[in-house]
Amino acid sequence: MLTNLQIFLIGIGFSISLSVIYFFLKTRINRKEIFENTGNLDLDAELKQGSLNLDPDESDPSDQELIIMQLHSIDGSNFDMEQVFDLLANLKFKVADGFFVFYNHSLEEVFRLANKIHPGTLEKNTQTNTLIAAIDLLKSADPISSLELMIKTLSLVSESLEANITDIKSNPLSKQMIEHFRTNASRVLQEKSYSANKLNTL
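All values reported here derive from a predicted model rather than from experimental measurement.

Conventions and cut-offs
Residues numbered from 1 in each chain as written. Predicted model: local features only at pLDDT ≥ 70, side-chain atom pairs only at ≥ 80, totals over all residues. Heavy atoms only, no water. Helix = DSSP H or I, 4+ residues; strand = E, 2+ residues; numbered from the N terminus. Areas by Shrake-Rupley, 256 points an atom, 1.4 Å probe, with all protein chains shown as cover. Phe/Tyr/Trp six-rings, centres within 6.5 Å; stacked < 30°, edge-to-face > 60°. Buried < 20%, exposed > 50% of the residue type's maximum accessible area, 1.4 Å probe, protein only. Arc of directions from axis to C-beta. Contact = heavy atoms within 4.5 Å. Polar contact = N/O pair within 3.5 Å; in protein donor to acceptor, adjacent residues only side chain to side chain. Axes fitted to C-alpha atoms, helices over the stretch in contact; angles between N-to-C directions. Left-handed = near helix turned anticlockwise from the far one by under 90°. Nonpolar A, V, L, I, M, F, W, Y, C, P; charged D, E, K, R; others polar.

### Examining the overall build of the protein
Along its length, the protein carries four helices and six strands. Ordered by position from N to C terminus, the α and β elements of the protein give α-β-α-β-β-β-β-α-β-α. In the structure as shown, the protein presents an accessible area of about 12,300 Å², 56% of it carried by carbon and sulfur atoms.

Here it is in structure tokens:
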């Protein structure tokens, strides 16, 4: 007959096994969804590149609806740029003007990944422990889908690089903040739909 201690240890072992299986499946599902969104990406095709201005002194807030997240190295050490470049290449990021750009299956820019340290460019010899990801909802044909793709992609990147995802103020990315981002994306989509319908009725 099993003792209480044995039963307790078996329960802990079972819980750990379930957690490992969940983490593995979650990572596999996220990776599958990302590759489904970029599976027909023709690297020789003309990509629809957007433009982002992250400098508050130069950018006009009315021209952009930015959502910005950061990737911080967990231990504070600089990222291994060789690992970063290999990982982003595997996830089908493209290099543009020193930044990494992620495109969807329609060849439209979804978001950009840059160095938080000015001027933001990423090179093989870059030394930084913080990357910054930005999406302009106004320039996205489907802001909601683009935001979700950005979140899933950053989750994979953070797991591979051992980094934490935070908001622009370096606060941990909470469920409330994600819902706030989703609310903004929904609002922008509604405004786009309203503007399109208004033009069609003219």
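Continuing now.
### Re the packing of aromatic side chains
Enumeration over the complete set of coordinates arrives at five aromatic pairs. Ring centres 5.0 Å apart and planes at 55° place the aromatic pair F93 and F102 in the tilted group. Assessed through its relative accessible area of 6%, F93 is described here as buried. Classification of F102 by relative accessible area gives buried; the value is 0%. An aromatic cluster of three or more residues is present, and its members are F85, F93, F100, F102 and F111.

### Considerations on unusual backbone geometry
A positive phi angle, close to 55°, is found at D97, a residue other than glycine. The topology assignment puts D97 in the loop between β2 (94–96) and β3 (99–103). On the basis of relative accessibility, which here comes to 61%, the residue D97 falls in the exposed class. For E162, which is not a glycine, the phi torsion comes out positive at approximately 55°. Along the chain, E162 turns up in the loop between α3 (143–161) and β6 (163–167).

### Points about helix α2 (residues 81–90)
Three or more residues of α2 are buried, namely M81, V84, F85, L87 and L88. In a view along the axis of α2, the buried residues occupy a sector of 165°, so they form one face of it. The elements touched by buried residues of α2 are β3, β4 (109–115) and α3. Where α2 begins, the capping side chain belongs to D80, and its oxygen is found 3.0 Å from the backbone nitrogen of E82. Just past α2, the residue K92 takes up positive phi, approximately 70°.

### Comments concerning the packing of α2 against α3
Put simply, α2 and α3 touch, their axes get as near as 11 Å, and they point 145° apart. The hand of the α2/α3 crossing is right-handed. Here Q83, V84, L87 and L88 of α2 lie close against α3, whose contacting residues are V157, S160 and L161. When grouped by side-chain class, the residues that make up the contact of α2 with α3 number five nonpolar, two polar and no charged.

So, to be careful, I would describe these as geometric facts and stop short of saying anything about function.
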